[in-house]
Amino acid sequence: MEVLPALAGFVVLSLTYETFRLTSLLYTLILIHCIILMIGGHYTYAEVLFLIR
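Residues numbered from 1 in each chain as written. Predicted model: local features only at pLDDT ≥ 70, side-chain atom pairs only at ≥ 80, totals over all residues. Heavy atoms only, no water.

1. Description of the overall build of the chain
Regarding its fold elements, the chain presents two helices and zero strands. In the chain, which comprises 53 residues, the proportion classed as buried is 8%. Carbon together with sulfur atoms contributes 76% to the accessible area of the chain, which is approximately 4700 Å² in total. (Helix = DSSP H or I, 4+ residues; strand = E, 2+ residues; numbered from the N terminus. Buried < 20%, exposed > 50% of the residue type's maximum accessible area, 1.4 Å probe, protein only. Areas by Shrake-Rupley, 256 points an atom, 1.4 Å probe, with all protein chains shown as cover.)

In structure tokens, the structure reads:
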């Protein structure tokens with residue numbers, strides 16, 4: 001359930017890539033954010049060591 005928004009965002013970005021191009025920096029930041037969401041969805045955010053508390 002926690003990873004579903006990241007996957008839905010990936011689908012939306014891939015479907016609108018040709019008509020709604022974003023910058024490479026923005027795609028990179030979105031990817032980093034999705035990775036953080038997926039790590040937090042797999043573990044709990046309290047147990048992930050490398051996140052700043």
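2. Considering the layout of surface pockets
The space that makes up the largest pocket amounts to roughly 220 Å³. Residue lining of the largest pocket: Ala6, Gly9, Phe10, Leu13, Ser14, Tyr27, Ile30, Leu31, Cys34, Ile35 and Met38, and that is the complete set. Those elements that place two or more of their residues in the lining of the largest pocket are α1 (4-15) and α2 (24-42). Counting residues per element, the lining of the largest pocket draws most heavily on α2, which supplies six residues. Counted by class, the lining of the largest pocket contains nine nonpolar, two polar and no charged residues. (1 Å grid on protein atoms, 1.4 Å probe; cavity = no way out; pocket = protein on both sides within 12 Å on 5 of 7 lines; lining within 4 Å. Points joined across faces, edges and corners; volume = space filled by probe spheres on them. Nonpolar A, V, L, I, M, F, W, Y, C, P; charged D, E, K, R; others polar.)

3. Overview of the packing of aromatic side chains
Throughout the structure, instances matching the rule amount to one aromatic pair. Arranged with centres 5.9 Å apart and planes meeting at 50°, the rings of Tyr17 and Tyr27 form a pair that is tilted. Taken together, the residues Tyr17 in the loop between α1 and α2 and Tyr27 in helix α2 connect sequence positions 10 residues apart. For Tyr17, a relative accessible area of 36% corresponds to the partly exposed category. (Phe/Tyr/Trp six-rings, centres within 6.5 Å; stacked < 30°, edge-to-face > 60°.)

4. Things to note about the packing of α1 against α2
Running from amino to carboxyl end, α1 crosses α2 at an angle of 155°, the nearest separation of the two axes being 10 Å. Overall, the two elements α1 and α2 adopt an arrangement that is roughly antiparallel. The handedness of the crossing between α1 and α2 is left-handed. Mapping the contact onto sequence places Ala6, Leu7 and Leu13 in α1 and Tyr27, Ile30, Cys34, Leu37 and Met38 in α2. By residue class, the composition of the contact of α1 with α2 is eight nonpolar, no polar and no charged. (Axes fitted to C-alpha atoms, helices over the stretch in contact; angles between N-to-C directions. Parallel < 35°, antiparallel > 145°, perpendicular 65-115°, else oblique. Left-handed = near helix turned anticlockwise from the far one by under 90°. Contact = heavy atoms within 4.5 Å.)

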